[in-house]
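# Examination of the molecular architecture
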Amino acid sequence: MKCFSRYLPYLFRPPSTILSSSCHTEADIISTVEFNATGELLATGDKGGRVVVFQREQESKNQPHRRGEYNVYSTFQSHEPEFDYLKSLEIEEKINKIRWLPQQNAAYFLLSTNDKTVKLWKISERDKRPEGYNLKDEDGRIRDPATITTLRVPVLRPMDLMVEATARRIFSNGHTYHINSISVNSDYETYMSTDDLRINLWNLEITNRSFNIVDIKPANMEDLTEVITAAEFHPSHCNTFVYSSSKGSIRLCDMRASALCDNHSKFFEEPEDPNNRSFFSEIISSISDVKFSHNGRYLMTRDYLTVKVWDLNMENKPLETYQVHDYLRSKLCSLYENDCIFDKFECVWNGSDSVIMTGSYNNFFRMFDRNTKRDVTLEASRENSKPRAILKPRKVCVGGKRRKDEISVDSLDFSKKILHTAWHPSENIIAVAATNNLYIFQDKVN
Amino acid sequence: MECAVDAQTLISISLRKIHSSRTQRGGIRLHKNLLVSYVLRNARQLYMSEKYAEIYRMQQYEEVMTVCNEIQELDPLDVSEECAEQGEECAEHAATLCGALLPVQLHAAPACAVAAAAVSSPHGEDACKEPEMSFCRNCCSEPCDFSSSSCSRTTVLDLDTHVVTTVENGCLHQDCCQGAHGHGHVQTKKRKVDFCYYAPEPEEGPDLTPCKRARSSDELPCPGSEQLDTSNISSLISMFGSGFTELVSRQADLEQSVNGHMNGQLCSKQVLASLGAWTRAIVAMHQRISASAHLGVFEKQEQQHCVLPAADRLQGHIHSSVTPVVDSVPLCNLSMW
């Protein structure tokens, strides 16, 4: 098991925060984290509708020990709060998901979404400025045409690097319910957006039309028993996607089969253990995140207490089940009261699909090595993180004698939760969002 | 089960969550409200099963009380003649019914409710099919603790085991579960039981006709039990009623602050009038939640009043006396939708 060290003394806090680290404004809470396809860029979205993009420094020979730090590359306001007058609804500006598009030219493209609207952003650099206009002078004032005697061709002169973000497409009015996920297709032409009851397929170029490919809304809303919680395209098969439900099931659909994919091709569900039946069985079985492995052979799902890895060829039970924080099973009642039971944790694969990672409470996050079956609990906190310090594994003591360095279940801080994490696509670099702070950890390499 | 939370607390917490979700930023979350409605449904199912068992027992008890009273009026000789015809079945029937019944209790534990339902649901006829079944066996099959009930001292005889038992102040002293025949007066178990029982005259000899009863013993416990029964029922109503009043008044307060036009007082009285109304409230609430307030928010609201499905669909065994047929009562606490 690799040891992760906080090699990078990196703590991100938005510049608008003037409060101490113990309190923060609601708008600064990070709501999504995503690496791009090469890992060069890392995007975060927050509750205030802002997107902050980090870029990895190029490795330099002068300072070989400082391997690629992530620095702020661009910050922009992606979504603003809106008000739907027709339905008397306020639409939150919180960024629910960010997904990068593969890079095709010098500019970077990403999709960001709030509850209702998906936007395609272009992030481009500008390091040259044209000089020598004919019709206007350097300050931009229009010149009197009578004073122009010669013509010249403007030349590009270097300037300070400027990164600008522009909204290239706005995909609006596609969803009645709250969008919970977006996924870019491997054909790089389409993407899908998912709300509680429907999944729409969009063309990246066309904003005024989308195709509905899944609709689970019952004829009578009183018959509603489950909602869609997440969806993702297969990483290489552009016709295949999966969506998870609040009942703990995953459906795999093939878009070649029919235009409306209400009938699934595969149905993944594990029968419920009747011994664990409780008031809250439905809540803890609701899947909060679903992710394909990079090789496209496995699926990973996260429900409240476990992470499960499914083989696409086996539908009746998962391949592996990992207990994230089973000690919470006896605390479900109080977690229900304080709403923590509704927290939606995400899960991620590492680049080689050998390790999976997910978050927990008390700023803990867990990693499970699928090959060695070993797992580790780490903590993202300022106190424990010094530059180049190795993260110490943490342990939660369930009952009985509490050893030194262990934390008892009752002293866990449930307000400090790690819902969003990301893993570099090829290297062992992880980004962990702890409320309003972003931690970037890197594998220690000699 | 994780913690000792009762169904009622969960129901009130869930309703509070649903109500507060109306004022949340970003509109009502369909997913979260659906999950809350599941908790609500689970809690309601538990509460209903408890209540149903409760009411079933009460009804059985009342039936037996009625039979007790009828036989009380009969001449003892007539009773013996009748019973001689029917054999032991008469007393057996009533005895096992009596024994199978739990006295009215104020707080029924879930296990108790299940056990009671399991025992009393095979009706007296089934119990009579087992000639070997003794009263004391039935009695001891109940694992619950009973709240004490005031009862004077009575002496009764188990018709199967020929065991003399003394009931004092609701406490039963007898040797229980000792098999078919009496084994003397060893006290193996002490249970608080309130029951009406057929017993022969104590001054009669060992040849006891099954259906004879001690007149002296019968007169006291039966009326006392009846009074006890009534008082327990009324306390049940007041207990659940008060719990719900608080809930409704809180809801009403919130509503009044939000809507400003509902009369929570009127509603609470209406609901208190019948426990069944609360059942319907929860049923309808669940239905509305599954429809989700987005009916009014996202789409044009098609129904202005709560639509109740047949209670049977949700809970097939709800006793008819519990849920009245009338379902068009505008349940005010649902006007939030």
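Predicted model, so just to flag it, every value in this text is computed and none were measured.

## Some words on the overall build of chain A
A count of helices and strands for chain A gives two helices and 34 strands. For chain A, the proportion of its 446 residues judged to be buried stands at 54%. Long-range contacts, defined here as pairs at least 24 residues apart, represent 53% of the contacts in chain A between residues at least 6 apart.

## What about the interface of chain B and chain A?
By convention, interface size is frequently given as the accessible area that disappears when the constituent parts associate. On the chain A side, the residues contacting the 34 residues of chain B number 39 residues. When chain B packs against chain A, close to 3500 Å² is buried across both sides, 60% of that on carbon and sulfur atoms. Scanning the region where chain B abuts chain A turns up seven salt bridges. Residues Lys17(B) and Asp339(A) are paired through a salt bridge, measuring 2.6 Å at the closest nitrogen-oxygen approach. Across the contact surface, chain B and chain A share 17 residue pairs in polar contact (both at pLDDT 80 or more). Put simply, the parts of the chain that give the side of chain B that touches chain A at least two residues each are α1 (7-22), α2 (30-73), α11 (275-291) and α12 (294-297) of chain B.

## Observations concerning the pairing of strand β26 (residues 355-359) of chain A
Residues and elements named next belong to chain A. The buried fraction of β26 amounts to five of the five residues, a majority that puts the element mostly inside the structure. Side chains Val355, Met357 and Gly359 of β26 all project onto a buried face; the interleaved residues Ile356 and Thr358 project onto the opposite face, where all are buried too. In terms of strand pairing, strand β25 (residues 347-349) meets β26 through three bridges, oriented antiparallel. Among the inter-strand pairings, Cys347 is bridged to a residue of β26, identified as Thr358. Taking the residues between adjacent antiparallel strands as the criterion, β25 and β26 are bridged by five residues, where Asp353 takes a positive phi near 60°. Bridge count for β26 against strand β27 (residues 364-369) is five bridges, and the pairing is antiparallel. From the neighbouring strand, Ile356 faces β27, where its bridge partner is Phe368.

## Quick word on the pairing of strand β11 (residues 118-131) of chain A
Residues and elements named next belong to chain A. Sheet topology note: the strand β10 (residues 108-113)/β11 ladder contains six bridges and is antiparallel. Paired with Phe109 across the bridge in β11 is Lys122. Taking the residues that link successive antiparallel strands as the turn, the β10-β11 hairpin has four residues.

## Focus on the side chain of Ser31(A)
All names here are of chain A. Following the sequence through the fold, Ser31 ends up in strand β3 (residues 30-35). Judged by relative accessible area, which is 5%, Ser31 ranks as buried. For Ser31, the side chain forms a polar contact with the main-chain oxygen of Ile95, separated by 2.5 Å. Excluding residues within four positions of it along the chain, Ser31 makes contact with Gly45, Asp46, Lys47, Lys94, Ile95, Asn96 and His420.

## What to know about the packing of α1(B) against α2(B)
Residues and elements named next belong to chain B. With their axes 9 Å apart at the nearest point, α1 and α2 run at an angle of 155° to one another. Taken together, the axis directions place α1 and α2 in an arrangement best described as roughly antiparallel. Crossing of α1 against α2: the hand is left-handed. Here Ala7, Leu10, Ile11, Ser14, Leu15, Lys17, Ile18 and Ser21 of α1 lie close against α2, whose contacting residues are Asn33, Val36, Val39, Leu40, Ala43, Arg44, Leu46 and Tyr47. Considered class by class, the residues forming the contact of α1 with α2 number eleven nonpolar, three polar and two charged.

## Remarks on the pattern of salt bridges
Residues and elements named next belong to chain A. Summed over the entire model, instances satisfying the criterion amount to 38 salt bridges over all chains. Between Lys331 and Asp410 there is a salt bridge, with the nearest N and O atoms lying 3.3 Å from each other. Here Asp410 lies in the loop between β31 (406-408) and β32 (420-423) and Lys331 lies in the loop between β24 (320-323) and α2 (332-337), a separation of 79 residues in the sequence. Since its relative accessible area comes to 23%, Lys331 is described here as partly exposed. By relative accessible area, which is 65% here, Asp410 ends up exposed.

## Some details on the sheet that holds β24(A)
Residues and elements named next belong to chain A. Read across the open sheet, the four strands follow the order β21-β22-β23-β24; overall the sheet is antiparallel. With one partner strand each, in any of the chains shown, β21 (289-292) and β24 form the two edges of the open sheet. Pairs of neighbouring strands in the sheet enclose a mean axial angle of 15°, with direction left out of account. Note that strand β23 (residues 306-311) and β24 share four bridges and pair antiparallel. Following the sheet pairing, Thr306 is matched in β24 by Gln323.

## Things to note about the side chain of Ser293(A)
Residue and element names in this part refer to chain A. For Ser293, the location among the structural elements is in the loop between β21 and β22 (298-302). At a separation of 3.3 Å, a polar atom in the side chain of Ser293 contacts the main-chain amide nitrogen of Arg297. Leave out the neighbours within four places in its chain, and Ser293 touches Pro235, Tyr298, Trp349 and Asp353.

## Comments concerning the environment of Phe414(A)
Residue and element names in this part refer to chain A. The residue Phe414 is located in the loop between β31 and β32 in this model. Between the C-alpha atoms of Phe414 and Asn362, which are 52 residues apart in sequence, the distance is 5.9 Å. In this view, Phe414 contacts Leu328, Leu335, Cys340, Tyr361 and Val409; residues no more than four positions away in its chain are not counted.

## Things to note about the sheet that holds strand β28 (residues 375-379) of chain A
Residues and elements named next belong to chain A. Pairing is antiparallel in the open sheet, where four strands are placed in the order β25-β26-β27-β28. Across the chains shown, the open sheet's two edge strands, defined by having one partner strand only, are β25 and β28. Recorded for the sheet is a direction-independent mean angle of 20° between the axes of neighbouring strands.

## Some remarks on the environment of Asp413(A)
Residues and elements named next belong to chain A. Mapped onto the secondary structure, Asp413 falls in the loop between β31 and β32. When its relative accessible area of 26% is taken as the criterion, Asp413 is described as partly exposed. For the pair Asp413 and Asn362, spaced 51 residues apart in sequence, the C-alpha separation works out to 4.6 Å. If we ignore the near neighbours within four places in the chain, the residues touching Asp413 are Tyr361 and Asn362.

## A look at the confidence of the model for chain B
All names here are of chain B. Predicted confidence across chain B gives a mean pLDDT of 52, with 20% of residues reaching 70 or more. Note on residues 86-151: pLDDT is under 50 here. Beyond four places in sequence and across chains, it has 133 contacts. Below a pLDDT of 50 lies the segment residues 292-337, which in the model reaches 100 contacts outside its immediate sequence neighbourhood of four places, other chains included. Quick note on the complex model: pTM equals 0.64, ipTM equals 0.88.

What counts as what
- Residues numbered from 1 in each chain as written.
- Chains lettered and ligands numbered in written order.
- Predicted model: local features only at pLDDT ≥ 70, side-chain atom pairs only at ≥ 80, totals over all residues.
- Heavy atoms only, no water.
- Helix = DSSP H or I, 4+ residues; strand = E, 2+ residues; numbered from the N terminus.
- Buried < 20%, exposed > 50% of the residue type's maximum accessible area, 1.4 Å probe, protein only.
- Contact = heavy atoms within 4.5 Å.
- Buried area = accessible area lost by both parts, 1.4 Å probe.
- Salt bridge = Lys/Arg side-chain N within 4 Å of Asp/Glu carboxyl O.
- Polar contact = N/O pair within 3.5 Å; in protein donor to acceptor, adjacent residues only side chain to side chain.
- Pairing = 2+ DSSP bridges.
- Axes fitted to C-alpha atoms, helices over the stretch in contact; angles between N-to-C directions.
- Parallel < 35°, antiparallel > 145°, perpendicular 65-115°, else oblique.
- Left-handed = near helix turned anticlockwise from the far one by under 90°.
- Nonpolar A, V, L, I, M, F, W, Y, C, P; charged D, E, K, R; others polar.
- pLDDT = per-residue confidence, 0-100.

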